[in-house]
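Structural features, examined
What follows is the residue order along each chain.
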Amino acid sequence: MRQCIVLFGLSVACLSARAEPPSSPPDFDRPGLGAGTDTVPRGAAALEFGLPAYLRESGAEGVRSTTWSGDVLLRTGLAPGLELQLSGTPWNRQRLRAPDGAQSRLRGASDSSAGLKWAGPGSNDRTAWAVLASAVVARGDAAFSDGRQYALAVSIEQSLNDQWQLALFAQQQRGAGQRTTTWAPSISLQATQTVSTYLEAGFFDASDGPDQSIAGAGLSWRMRPSVQLDVSFDVGLDDESPDLQFATGLSVYLD
């Protein structure tokens, strides 16, 4: 509950800022493993919801888990090229099943985080980059918390033409005696003026556990200039990775 209160209070404070003249909607950060290079103008905001996400994993000693979760990301502009991000997962529902058939169920909230995204200088219509620094500001319930974490990420996008785009997301995350390096390359296609799709891969190097690798695809639909629906999935490429991840989402731009 305290994670929800923190997110709500910070969201109200950000949305109460004086707005500037209307601007065209930026690209949303979802779907996909990384973050985009666009930032929200000062005084505007973007709300991005997971509705919901599904995760299936095979753990140690044959334990299988399935998790349903709902996440939210608030982005609001602080200055040209600089935005504040507040994110959290207020609810999780997890079921664990042992090889002998015994089951247990868990529920609770995950960690809440705050971050700053800065659009790097020199970005243009062909090449763009941004830096995102974030930290946990409220710990979640024990079953769904990774402890105090700090992360620094870089996103780079290269347009090949009016339809095709390459991107790379790289992140270093530290905290609670752990270190994880993430690499997530992707290629996207703007199929129509309102529909885009992408292919991605993700590689995770953890200091205190096995490396993981996944690959997947997604699709987004701008049903209105300020409203987007999305669907995406990823599958594990080895035994140490999650079996399946599936997500749907709704994103709204508020100017």
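To be clear, the structure that these remarks concern was listed above.
Bear in mind that the values here come from a model prediction, so they are computed numbers and not experimental data.

Moving on, we get to the overall build of the protein. Tallying secondary structure elements over the protein gives 1 helix and 13 strands in all. For the protein, the N- to C-terminal ordering of α and β elements is α-β-β-β-β-β-β-β-β-β-β-β-β-β. Relative to the compact-globule value of 18 Å for 255 residues, the protein shows a C-alpha radius of gyration of 18 Å, a close match. In terms of principal-axis extent, the alpha carbons of the protein reach across some 60 × 40 × 35 Å. Looking at the protein as a whole, 40% of its 255 residues qualify as buried.

Next up on the list: the side chain of S69. Checked against the element boundaries, S69 lands in strand β2 (residues 64–79). Not counting residues within four places of it along the chain, the set of residues in contact with S69 comprises P52, A53, T89, W91 and N92.

Here we come to the pattern of salt bridges. As enumerated under the stated definition, the model contains 8 salt bridges in all. Note that R30 and D71 form a salt bridge whose closest N and O atoms lie 3.7 Å from each other. Taken together, the residues span a long stretch of sequence, with R30 in the loop between α1 (2–15) and β1 (45–58) and D71 in strand β2 at a distance of 41 residues. Residue E48 is joined to R75 by a salt bridge in which the shortest nitrogen-to-oxygen separation is 2.9 Å. Highlighted residues: E48 in strand β1 and R75 in strand β2, separated in sequence by 27 residues. By relative accessible area, which is 0% here, R75 ends up buried. Taken together, the shared-partner salt bridges connect D29, E48, R75, E83 and K117 into one network.

Further remarks concern unusual backbone geometry. Backbone phi values are negative for most residues with the exception of glycine, while trans is the configuration of most peptide bonds. Note that the residue after R30, namely P31, is joined by a cis bond; omega there is 0°. Positionally, P31 belongs in the loop between α1 and β1. Of note, the bond from L51 into P52 is cis; its omega dihedral lies within 30 degrees of zero at -15°. Tracing the sequence through the fold places P52 in strand β1. We note that A176 has phi near 55°; this positive angle belongs to a residue other than glycine. Take A176: it is sitting in the loop between β8 (164–175) and β9 (178–190).

Turning our attention to the pairing of strand β5 (residues 112–119). Consecutive residues of a regular strand have side chains that alternate between opposite faces of the sheet. As paired strands, strand β3 (residues 82–97) and β5 are joined by 6 bridges and run antiparallel to one another. What sits directly across from Q85, in β5, is G115. Two strands pair when backbone bridges link them, and β5 and strand β6 (residues 127–138) are joined in this way by 8 bridges, in the antiparallel orientation. Across the sheet, residue A119 finds its bridge partner in β6, namely A130.

One pass over the full model with this rule turns up 2 aromatic pairs. The interplanar angle of 85° and the centroid separation of 5.7 Å between the aromatic rings of W118 and W129 together place this pair among those described as edge-to-face. One end of the pair, W118, is in strand β5; the other, W129, is in strand β6, and 11 residues separate them in sequence.

In this structure, β1 lies alongside strand β13 (residues 244–254), joined through 10 bridges in antiparallel fashion. Following the sheet pairing, L47 is matched in β13 by V252. Sheet analysis places strand β12 (residues 227–236) next to β13, joined by 9 bridges and oriented antiparallel. By the bridge assignment, V227 is partnered in β13 with V252.

Cut-offs used in this document
Residues numbered from 1 in each chain as written. Predicted model: local features only at pLDDT ≥ 70, side-chain atom pairs only at ≥ 80, totals over all residues. Heavy atoms only, no water. Helix = DSSP H or I, 4+ residues; strand = E, 2+ residues; numbered from the N terminus. Rg over C-alpha atoms; globule rule 2.2 N^0.38 Å. Buried < 20%, exposed > 50% of the residue type's maximum accessible area, 1.4 Å probe, protein only. Contact = heavy atoms within 4.5 Å. Salt bridge = Lys/Arg side-chain N within 4 Å of Asp/Glu carboxyl O. Pairing = 2+ DSSP bridges. Phe/Tyr/Trp six-rings, centres within 6.5 Å; stacked < 30°, edge-to-face > 60°.

Purely geometric stuff here, so don't read any function into it on its own.
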